[in-house]
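These are the residues of each chain, in order.
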Amino acid sequence: MGRLGGPYFPPTPLLPLYRCIMKQISISKSFGGSQYVFSHYSEACRCDMTFAVFMPPQAETAKVPMLWYLSGLTCTHQNVMDKGEYRQAAAELGIAIICPDTSPRGENIPDEPDNWQFGKGAGFYLDATQKPFSENYNMQTYILEELPQVLAGSGLALDFSRQSICGHSMGGHGAITLALKKPEAFASVSAFAPISQPSTADWSRPALEKYLGPDQAAWRAYDTVMLIEDGHRISELLVDQGTADPFLDTGLRPQLLQEACEKAGIPLTLNMRDGYDHSYLFISTFMADHIRWHAERLG
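Scope of this entry: the structure provided in the associated data block. (Residues numbered from 1 in each chain as written. Predicted model: local features only at pLDDT ≥ 70, side-chain atom pairs only at ≥ 80, totals over all residues. Heavy atoms only, no water.)

1. Thoughts on the packing of aromatic side chains
We describe a pair of aromatic rings using the distance from one ring centre to the other and the angle between the two ring planes.
Okay, so step 1: A complete count under the given rule lists 14 aromatic pairs for this structure.
Okay, so step 2: Taking the centre distance of 6.0 Å and the plane angle of 90° together, the rings of F192 and F282 count as edge-to-face. Of this pair, F192 sits in strand β7 (residues 189–192) while F282 sits in helix α9 (residues 280–298), and the two are 90 residues apart along the sequence. Pair check on accessibility: F192 and F282 agree, each one buried.
Okay, so step 3: Chaining the aromatic ring pairs together yields one cluster made of F118, F133, Y137 and Y211.
Okay, so step 4: Residue placement shows R87 over the ring face of Y86; its charged tip is 4.8 Å from the ring centre.
Okay, so step 5: The ring centre of F118 lies 4.8 Å from the NZ or CZ of K210, which sits over that ring. (Phe/Tyr/Trp six-rings, centres within 6.5 Å; stacked < 30°, edge-to-face > 60°. Helix = DSSP H or I, 4+ residues; strand = E, 2+ residues; numbered from the N terminus. Buried < 20%, exposed > 50% of the residue type's maximum accessible area, 1.4 Å probe, protein only. Lys NZ or Arg CZ within 6 Å of the ring centre and 35° of its normal.)

2. Let's talk about the sheet that holds strand β9 (residues 268–273)
Okay, so step 1: Pairing within the open sheet is mixed, and its nine strands lie in the order β1-β2-β3-β5-β4-β6-β7-β8-β9. A strand with exactly one partner marks an edge of an open sheet, and here the two such strands are β1 (23–30) and β9. Averaged over all adjacent pairs, the angle separating strand axes in this sheet is 20°, with direction ignored.
Okay, so step 2: The pairing of β1 with strand β2 (residues 33–42) spans seven bridges and is antiparallel. Within β2, the residue paired with S28 across the bridge is Q35.
Okay, so step 3: In this fold α9 packs onto β4 (64–70), β5 (96–99), β6 (158–168), β7, β8 (237–242) and β9, with an angle of close to 175° to the strand it touches most, β7. (Pairing = 2+ DSSP bridges. Axes fitted to C-alpha atoms, helices over the stretch in contact; angles between N-to-C directions. Contact = heavy atoms within 4.5 Å.)

3. Re unusual backbone geometry
Okay, so step 1: Residue P132 is reached from K131 by a cis peptide bond, and omega for that bond is 5°.
Okay, so step 2: By secondary structure assignment, the location of P132 is in the loop between β5 and α3 (139–152).
Okay, so step 3: Of note in this structure, F31 is not a glycine but carries a positive phi near 50°.
Okay, so step 4: Inspection of the secondary structure assignment puts F31 in the loop between β1 and β2.
Okay, so step 5: When its relative accessible area of 48% is taken as the criterion, F31 is described as partly exposed.
Okay, so step 6: Of note in the backbone geometry, F124 takes a positive phi value of approximately 60° without being a glycine.
Okay, so step 7: One can find F124 in the loop between β5 and α3.

The structure is reproduced here in structure tokens:
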């Protein structure tokens, strides 16, 4: 199984690099579209992975653009599916919403059950290099390489030439870092309360060391501010952040992202939302705004 070599979005699933059989767990009608949940065996993560896909009603007659949503610490695909309130806007605008899991799952996956900031639910969208985590924690490869190929072979009416990405907290970090490294893959990127510089945040530094080792030079590839400092660019960025977020000053620190974007000339729209916290009550309030913003850029 190869490491990240760039996203592979085949027009047809004739010879996929990752072969799998998708299992449909559920399908529910919503706003004229269909909310699916699937599972499959992941070669990248070496375990079964579950993900959600909302297909808008427009997909019945044409391929539709795609918006990836990456969830935050402790979450699975289920959190945003149940509480994100994205389906009405996605149905109106004709956009498919793809919601992967945050990390590998299973009884044999190395984990620290008493540490919510590491392990299952806290994959940080990176490819781990340190044992025992390197066997399974390859979420960067999974999101950028494997899952797109799985979807390309699914028969769903998805337009792989039009993709955008967003996320929350750890998922906001993941969305921005993946877009910075592969800007040609995504028409736009946005985030809710993203971790701006996990390399210097007390509660995320231990996770990076366990996944990537003590050499902090290796951490730069998974740090938004440092990627920008190292010359990576995206065309623009939308971020919403609550002023009552309990992690604002210790973990998220949007001012660091703002400073990095200003120095690099990256247009950043940073909306500081008065009184909002870190929860899905905050995310669901502004989710439709983000979907509309992406829709304008997806065409």
